[in-house]
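Architecture and fold: a report
Take a look at the letters that make up each chain.
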Amino acid sequence: MQATFERAVSRLFVRLGVPGTYRLADGREISTRFIAKQADVVESFGDTRLALDTHRFDVMVRDVMSPLEGEHFTAAGQTYQVVGEPLVDHDRLIWTLTGAPV
């Protein structure tokens, strides 16, 4: 069952993802596909609520085994630096990365 679900997720990345490159800290580059999730985030600061523009991307774990804060990736022609701790989904198939444009 897990293999079937993983194949379905892989097909989604082929159909919905954009080609890009993930650059490891040691300089090696990995060609992969990214799915952009650029939703705004609402943060509270006292009685004030701020809507912040975010740049979040999903990438397959099989392509990028252990992304680290500070590494870089390029998706759709824009380069980003990974900020914050990358998050992995419950099934350990997809990393969600938050990127800051560089």
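None of the values given here were measured: they were computed from a predicted structure.

A separate point is the environment of glutamine 78. Of note, glutamine 78 is situated in strand β7 (residues 78-82). When its relative accessible area of 30% is taken as the criterion, glutamine 78 is described as partly exposed. Distance from glutamine 78 to tyrosine 22, taken between C-alpha atoms, is 12 Å for residues 56 residues apart in sequence. The contact partners of glutamine 78, leaving out residues within four places of it in the chain, are Phe73, Pro101 and Val102.

Now for the nonpolar core. Counting residues in hydrophobic clusters, the biggest one holds 13 residues, and the most contacted among them are Tyr22, Phe34, Phe57, Val59, Phe73, Trp95 and Leu97. Of all the secondary structure elements, the ones that give two or more residues to this core are β5 (56-60), β6 (72-75), β7 and β9 (94-101).

For any pair of aromatic rings, the description consists of the separation of the ring centres together with the inter-plane angle of the planes. All chains considered together, the criterion is met by six aromatic pairs. For the pair phenylalanine 34 and phenylalanine 57, a centre-to-centre distance of 6.3 Å together with 85° between the ring planes defines the contact as edge-to-face. Here the residue phenylalanine 34 occupies a position in strand β2 (residues 29-37), and phenylalanine 57 occupies one in strand β5, the gap between them amounting to 23 residues. Note on accessibility: phenylalanine 34 and phenylalanine 57 belong to one class, buried. Plain terms: the ring middles of phenylalanine 57 and phenylalanine 73 are 5.3 Å apart, the flat faces sit at 75° to each other, and that makes the pair edge-to-face. Taken together, the residues span a long stretch of sequence, with phenylalanine 57 in strand β5 and phenylalanine 73 in strand β6 at a distance of 16 residues. Note on phenylalanine 57: relative accessible area 3%, which makes it buried.

Counted at 1.5 Å a residue, the expected span for helix α1 (residues 2-16) with its 15 residues is 21 Å, and the 21 Å between its end C-alpha atoms agrees. For α1, the complete set of buried residues consists of Val9, Ser10 and Phe13. The arc enclosing the buried residues of α1, seen along the axis, measures out at 100°, which places them on a common side. In α1, those exposed residues whose orientation departs by more than 90 degrees from the buried face are Arg11, Val14, Arg15 and Leu16. Packing partners of the buried residues in α1 comprise β2, β5 and β9.

Across all of its chains, the model carries four salt bridges by this definition. With its nearest N and O atoms 2.8 Å apart, the salt bridge here joins arginine 28 to aspartate 26. Accessibility assignment for this pair places arginine 28 and aspartate 26 in one class, exposed. A salt bridge links arginine 62 to aspartate 63; the shortest N-O distance between them is 3.4 Å.

Right, let's talk about the environment of proline 19 for a bit. Note that proline 19 resides in strand β1 (residues 18-23). Overall, proline 19 belongs to the exposed group, its relative accessible area being 57%. Residues proline 19 and arginine 33 lie 14 residues apart in sequence; the distance between their C-alpha atoms is 4.4 Å.

Cut-offs applied
- Residues numbered from 1 in each chain as written.
- Predicted model: local features only at pLDDT ≥ 70, side-chain atom pairs only at ≥ 80, totals over all residues.
- Heavy atoms only, no water.
- Helix = DSSP H or I, 4+ residues; strand = E, 2+ residues; numbered from the N terminus.
- Buried < 20%, exposed > 50% of the residue type's maximum accessible area, 1.4 Å probe, protein only.
- Contact = heavy atoms within 4.5 Å.
- Core = buried A, V, L, I, M, F, W, Y, C linked by side-chain atoms within 4.5 Å.
- Phe/Tyr/Trp six-rings, centres within 6.5 Å; stacked < 30°, edge-to-face > 60°.
- Expected span 1.5 Å × (residues − 1).
- Arc of directions from axis to C-beta.
- Salt bridge = Lys/Arg side-chain N within 4 Å of Asp/Glu carboxyl O.

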